[in-house]
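Fold and geometry: a report
Below, each chain spelled out in residue letters.
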There are 2 protein chains.
Amino acid sequence: MKKQYLALVEQLEAHGYRLTPQREIVLSILSETDKHVSAETLLLRVRQVYSRANKSVVYRNLDLLAQLGLISCVDLGQGRVEYEVHRHPHHHHLVCRHCKQVIEVSANAFAALQRELLERHGFAADMDHLAIFGLCRKCQSQQAAHSGHHPHAL
Amino acid sequence: MKKQYLALVEQLEAHGYRLTPQREIVLSILSETDKHVSAETLLLRVRQVYSRANKSVVYRNLDLLAQLGLISCVDLGQGRVEYEVHRHPHHHHLVCRHCKQVIEVSANAFAALQRELLERHGFAADMDHLAIFGLCRKCQSQQAAHSGHHPHAL
DNA sequence: GTTGCAAATGCAACTCGTTGCAATTGTAGC
DNA sequence: GCTACAATTGCAACGAGTTGCATTTGCAAC
Ligand SMILES: [Zn+2]
Ligand SMILES: [Zn+2]
Ligand SMILES: [Zn+2]
Ligand SMILES: [Zn+2]
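In short, a report on the structure.

What counts as what
Residues numbered from 1 in each chain as written. Chains lettered and ligands numbered in written order. Predicted model: local features only at pLDDT ≥ 70, side-chain atom pairs only at ≥ 80, totals over all residues. Heavy atoms only, no water. Buried < 20%, exposed > 50% of the residue type's maximum accessible area, 1.4 Å probe, protein only. Helix = DSSP H or I, 4+ residues; strand = E, 2+ residues; numbered from the N terminus. Pairing = 2+ DSSP bridges. Arc of directions from axis to C-beta. Contact = heavy atoms within 4.5 Å. Axes fitted to C-alpha atoms, helices over the stretch in contact; angles between N-to-C directions.

Quick look at the pairing of strand 5 (residues 102-106) of chain A now. Regular strands place side chains that alternate from one sheet face to the opposite one. Residue and element names in this part refer to chain A. Residues Ile-103 and Val-105 of strand 5 are buried on one face, while the alternating residues Val-102, Glu-104 and Ser-106, pointing to the opposite face, are not. Where strand 4 (residues 91-96) meets strand 5, five bridges bridge the pair, whose relative direction is antiparallel. Bridge pairing in strand 5 links His-93 to Glu-104. A loop of five residues connects strand 4 with strand 5, the two strands running antiparallel in sequence, and Lys-100 in this loop sits at a positive phi of about 70°.

Below is the structure:
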């Protein structure tokens, strides 16, 4: 994905941001990863190339990229945020509260809502990469099944 | 809101959970607060009544109530999560990334999406209390205005 | 009112992410 | 190649929330 990396670099330079070694490495790792990556994992990978890499710097670079709209982050309920370069078309995630399964859905289903929020409230919602929590099909039936409840019941 | 407090207690007991002093105080404060409250604020209020109250216990009780679907929490981007007893009908929040303004909207607009996710993916989404980020009307025009960008520009 | 025991608590240590600030570095202008 | 200066980094301290585990307690059974 050399193309994507060059596009990221171009965007940064167009906005007057510097290209530092650590930032370049973050960009290259992000652009060659086609799934979500946590800050922790990203830091470890950056350190394979640049061993003095620093937590704050990675976070700050991720913040910068997100602010420029080049990457997005999402919290899938795993206790850490995950990042990825924007894919087109956009996608969202349905996260089952019970079995933790994550279903990826296209952003199409969200376009009508986005339009309605814009029309009714003048609000331009970022419908880029959402996590929606709920119950998957299987866990809905299971929950319906046992209405008897004990504390700590699974 | 005595009625709401009693309803909460009843739900807890129906599920076999104990009624401890600290938990009772958390319930009563939540049920007499008609807006969002952070865990920190809640802890301070609990301590006005029960001065030895403990951070973990407050968090664990909030988790329990959320798990039972009695309260919901939302992250409005303020660096801390806010809690509230469910109001009916449900509402959501539109948060402007730029001016931090929060617009409250009814859950109606989200019903169509919820239906679609259920039909197409069998997923029962919790559309109880979401925070959607984006740009308010005013900040959209402002952003359109200045296309010149410098690092650190506001 | 005693007893038994799971539920709940208290506490300290931990994780993830953020922040303030001093030191360093990229880069534009010369 | 220097210089200047803002952008970036490194670090350590911080804040919100979680967790493991030993202790305590609510409550139901007797
Ligand atoms: Zn994704
Ligand atoms: Zn499930
Ligand atoms: Zn709300
Ligand atoms: Zn705004």
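After that view of the structure, there is still more to cover.
Residue and element names in this part refer to chain B. Buried within helix 3 (residues 39-49) we find Ala-39, Leu-42, Leu-43 and Val-46. The arc that holds the buried residues of helix 3, viewed along the axis, is 100°, so those residues lie on one side. For helix 3, the elements touching its buried residues are helix 2 (21-31), strand 1 (37-38), helix 4 (55-67) and strand 3 (82-85).

Let's shift gears to the sheet that holds strand 5 (residues 102-106) of chain B. If you walk across this open sheet you meet the four strands as 6(A)-7(B)-4(B)-5(B), and the pairing is mixed. Each having just a single partner strand, strand 6 (124-125) of chain A together with strand 5 of chain B make up the two edges of the open sheet. Examined bridge by bridge, strand 6 of chain A and strand 7 (residues 131-135) of chain B share two bridges and lie antiparallel to one another. Among the inter-strand pairings, Ala124(A) is bridged to a residue of strand 7 of chain B, identified as Leu135(B). Helix 5 (residues 108-121) of chain B contacts strand 4 (91-96), strand 5 and strand 7 of chain B of the sheet and is inclined by roughly 65° relative to strand 5 of chain B.

Purely geometric numbers; function is a separate question.
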